[in-house]
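Structure at a glance
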Amino acid sequence: MTAAERSISYRVEHQCPQCGAPVNLGEETLFFVCDFCRVRSCISHKGVFRYMLSPGESVPGDTDFIYLPYWRFKGVRYFCSASGVDSRFMDISQCAVNDSIEHVPASLGFRSQALPLKLIRPETRGTFLTPVSFKESIQNLDRRFKRGKQSAKPMFTEDIGEMTSLIYAPFYVSSNRLIDAVLDKPLDCHVPEDFSADRHEACRPEKETVFIPGICPSCGWDLQGRADSLALVCRNCNTLWRAHGKRLAKIRFRVFGPRDPDGVYLPFWRIRADVSGLALSSHADLVNACNLPMMARPEMKNRELHFWAPAFKIRPKVFLRLSTQLLLAQLDSETENSLHSREIHPVTLPGAEAVESIRVTLASLLKPTRDYLPALSCAEVKPTDLELIFLPFENGPHELFHPDLNIGINRNILDLSGNL
Ligand SMILES: [Zn+2]
Ligand SMILES: [Zn+2]
């Protein structure tokens, strides 16, 4: 990865909703325990994450701040072409105001990465301009992106596991100039004499963020989970929960065998889906479409095909390898509905993103690729069943290993995947 592509994680200054104490967390944080009052909180965002940068200390607090929104995209884009599947990590920001405010910086730039982000609070003063849609904004972003080198023109692209957020940067007007309030430096432009933020559509972004108490809705026990985990576990009643709007919703899951008390349980999405334009409903269909050096056995005709994808973020090559290995394996086993006290790896990839990965997995697997690409590029994937499955992996010193599947995952790569 080049410097421009390196993954950056902002620091976010939160405030405990119970006692008001400051809590410093990574930007992917969805769950935290307050150091002062020990209260657990889940952060639920309606839509995307919304944060702000604070004005510099030299700027008077009673200034009329104008907060301009920037879309930030952080994630992996997969390029599918006849020569195979390529991927690229992107971490880009793009100004999300329309052209009526000229000369504002097109992106947040690297300087902001040293600064902490904050959640916008009801008492935060200032005018927050309404952003243009991400789609509209990303067209500019695509233009910037296309300048990069790229081998073959992809038939289609897919963004998987991306985090889209809105970051508001503070500005103010002084002597007809727009001043960047983070650096307290004027921009290289004059604004019209009658410039007023009131002419632009404004919003209050903090309305879209809710804190939910991190206790089990079924039994009242404390929920547990890594800060960035989408699924929180109740070890008392053996249930899994995720923030959904203003409440917690139960997650359906199963645990596959073999039982391994010392193993680590990795989460995967198991999906049944209709892929339009492709006849892929049974295991036999897959074997035929992959040109595998094996014959489809008669019983495979009756076995419904399940797609698989890791339910955790991991380097693109490994993500694709695991998805294809599991798709080919069509694993089935004895299952349980209880995690007991087993160690689980956090769920960091939503089911909807796993569904999006199906076309990419197929692009890397179906042979000959060029025959399938036209159909895949316009295929619609409609999930009919989505289930969270925990698979037991042996806990080796360097690798987690699934003996039945003969699949290994390097421990370092897994540990480093928290910031993807
Ligand atoms: Zn607290
Ligand atoms: Zn419970």
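Structural data are supplied above this passage.
Residues numbered from 1 in each chain as written. Chains lettered and ligands numbered in written order. Predicted model: local features only at pLDDT ≥ 70, side-chain atom pairs only at ≥ 80, totals over all residues.

This paragraph deals with the overall build of the protein. Along the backbone of the protein there are seven helices and 25 strands. In terms of C-alpha radius of gyration, the protein reaches 24 Å, essentially the compact-globule figure of 22 Å for 420 residues. The principal-axis extents of the C-alpha atoms in the protein amount to approximately 80 × 50 × 35 Å. In the protein, buried positions account for 33% of the 420 residues. Across the protein, the fraction of contacts at a sequence separation of at least 24, relative to all contacts at a separation of at least 6, is 69%. (Helix = DSSP H or I, 4+ residues; strand = E, 2+ residues; numbered from the N terminus. Rg over C-alpha atoms; globule rule 2.2 N^0.38 Å. Buried ≥ 20, exposed ≤ 12 C-beta atoms within 10 Å, placed from the backbone. Contact = placed C-beta atoms within 7 Å.)

What follows concerns the pairing of strand β4 (residues 40-45). Regular strands show a simple pattern: their side chains alternate between the two faces of the sheet. Where strand β3 (residues 31-33) and β4 come together, three bridges link them in antiparallel fashion. Within the sheet, the bridge partner assigned to Val33 lies in β4 and is Arg40. Hairpin remark: β3 followed by β4, antiparallel, with six residues in the connecting loop; positive phi at Arg38, about 65 degrees. Bridge analysis of β4 against strand β14 (residues 209-213) gives five bridges, and the strand direction is antiparallel. Residue pairing across strands places Ile43 opposite Phe211, the latter belonging to β14. (Pairing = 2+ DSSP bridges.)

Attention shifts here to helix α5 (residues 358-365). In terms of residue burial, α5 counts as a mostly covered element, since seven of its eight residues are buried. Buried within α5 are the following residues: Ile358, Arg359, Val360, Thr361, Leu362, Ala363 and Leu365.

Right, let's talk about the sheet that holds β3 for a bit. With antiparallel pairing, three strands are arranged side by side in an open sheet as β3-β4-β14. Lying at the two open borders of the sheet, with one neighbouring strand each, are β3 and β14. Each neighbouring strand pair of the sheet contributes to a mean axis angle of 30 degrees, computed without reference to strand direction. (Axes fitted to C-alpha atoms, helices over the stretch in contact; angles between N-to-C directions.)

One open sheet accounts for three strands, arranged β15-β16-β17; its pairing is antiparallel. Unpaired on one side and paired on the other, β15 (232-234) and β17 (247-251) mark the two borders of the sheet. Direction aside, the axes of adjacent strands within the sheet are offset by 40 degrees on average. In terms of strand pairing, β15 meets strand β16 (residues 239-244) through three bridges, oriented antiparallel. By the bridge assignment for β16, Val233 is matched with Leu240.

Summarising the element assignment, Lys185 is placed in strand β12 (residues 185-190). A C-alpha to C-alpha distance of 9.5 Å links Lys185 and Phe171, two positions 14 residues apart in sequence. In this structure Lys185 touches Ile179 and Asp180, once residues within four positions along its chain are discounted.

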